[in-house]
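What follows is each chain in one-letter form.
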Amino acid sequence: MRVDLKGLCNATVTRDEFMRSVEQYRLSAYVERWVVKTSLAALARGAVKASPGRSLAIPLSTQSLNEPSFLEFVVNCFDSAGVAPERICLEVTEGSAISLDPQGHRFISVLHGLGAQFMLYVDASGGLTVFGMLKILPLDYIRVDGAV
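Residues numbered from 1 in each chain as written. Predicted model: local features only at pLDDT ≥ 70, side-chain atom pairs only at ≥ 80, totals over all residues. Heavy atoms only, no water.

Trainee: Mind laying out the overall build of the chain, listing which residues take part and the relevant values?
Mentor: In terms of helices and strands, the chain carries seven helices and four strands. In the chain, the succession of helices and strands from N to C terminus is α-α-β-α-α-β-α-α-β-α-β. Expressed as a percentage of the 148 residues in the chain, the buried residues total 33%. Partitioning the intrachain contacts of the chain with sequence separation of at least 6 by distance along the chain shows that 73% fall at a separation of at least 24. (Helix = DSSP H or I, 4+ residues; strand = E, 2+ residues; numbered from the N terminus. Buried < 20%, exposed > 50% of the residue type's maximum accessible area, 1.4 Å probe, protein only. Contact = heavy atoms within 4.5 Å.)

What follows is the structure in structure tokens.
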């Protein structure tokens, strides 16, 4: 079967549409591996500049956090890029934090122990779940979506 892709290359896809497709086809871990590797490489070569005391935020999904090989992949990326973990802030949504399995908790614990920062992204209309997350996850920041 052939598919004609002419005209599709110029199509505009919103971030939300793209992410819905990525999640629907369970491709989050692949996309996030590319984002982590590319971001760390860009930081290492100076293509992305973070002011002293600032870090680059990278959002992660539950799928990636709970994947057993993702922790080793991220640690290897830090090592190969030569970027200190302190220069990165990994962002986890409240929904992802609730869905973490033991591997996801280990991921956060190990990388936080290496110096990476973690941010919990909270929907302001979501309720009080965030307070439970504060007790069980090592978090450095909370980002609240103000849209209600």
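From this point on, the discussion continues.
Trainee: Describe unusual backbone geometry, with residues and values.
Mentor: In this structure, Arg 26 takes a positive phi of about 50 degrees despite not being glycine. By the secondary structure assignment, Arg 26 is in the loop between α1 (15–24) and α2 (28–45).

Trainee: Run through the side chain of Thr 62, naming residues and quoting values.
Mentor: Note on placement: Thr 62 falls in helix α3 (residues 62–66). Discounting chain neighbours no more than four positions away, the residues touching Thr 62 are Gly 95, Ser 96 and Ser 99.

Trainee: A description of the packing of α2 against helix α4 (residues 70–81) should follow, citing residues and the corresponding values.
Mentor: Remark: α2 packs on α4, axes separated minimally by 9 Å, with the N-to-C direction vectors making an angle of 15 degrees. The pairing of α2 with α4 is recorded here as roughly parallel in orientation. Once α2 is placed against α4, the crossing between them reads as right-handed. Mapping the contact onto sequence places Glu 32, Arg 33, Val 36, Lys 37, Leu 40, Ala 41 and Ala 44 in α2 and Phe 70, Phe 73, Val 74, Cys 77, Phe 78 and Ala 81 in α4. The residue inventory of the contact of α2 with α4, partitioned by class, reads ten nonpolar, no polar and three charged. (Axes fitted to C-alpha atoms, helices over the stretch in contact; angles between N-to-C directions. Parallel < 35°, antiparallel > 145°, perpendicular 65-115°, else oblique. Left-handed = near helix turned anticlockwise from the far one by under 90°. Nonpolar A, V, L, I, M, F, W, Y, C, P; charged D, E, K, R; others polar.)

Trainee: Describe the confidence of the model for the chain, and please don't skip the residues or the numbers.
Mentor: Residues with a pLDDT of 70 or more make up 84% of the chain, whose mean pLDDT is 84. Model confidence for the chain, summarised as mean pLDDT per element, is weakest for helix α7 (residues 129–136) at 68 and strongest for α4 at 97. (pLDDT = per-residue confidence, 0-100.)

Trainee: Summarise the packing of aromatic side chains; cite the residues concerned and give the values.
Mentor: Scanning the model with the defined rule gives two aromatic pairs in all. Plain terms: the ring middles of Phe 70 and Phe 73 are 6.2 Å apart, the flat faces sit at 20 degrees to each other, and that makes the pair stacked. With Phe 70 and Phe 73 both in helix α4, this residue pair falls three residues apart, about one helical turn. Note on Phe 73: relative accessible area 18%, which makes it buried. Centroid distance Phe 70 to Phe 107: 5.4 Å. Interplanar angle 20 degrees. Geometry classified as stacked. (Phe/Tyr/Trp six-rings, centres within 6.5 Å; stacked < 30°, edge-to-face > 60°.)

Trainee: Run through the pattern of salt bridges, naming residues and quoting values.
Mentor: For the coordinates displayed, the defined rule picks out two salt bridges. Note that Arg 33 is salt-bridged to Glu 67, the shortest N-O span being 2.3 Å. Taken together, the positions of Arg 33 in helix α2 and Glu 67 in the loop between α3 and α4 put the pair 34 residues apart, joining distant regions of the chain. Among the salt bridges present, the one from Glu 91 reaches Arg 143, with a minimum N-O distance of 3.1 Å. Within this pair, whereas Glu 91 is found in strand β2 (residues 88–93), its partner Arg 143 is found in strand β4 (residues 141–145), the two being separated by 52 residues in sequence. (Salt bridge = Lys/Arg side-chain N within 4 Å of Asp/Glu carboxyl O.)

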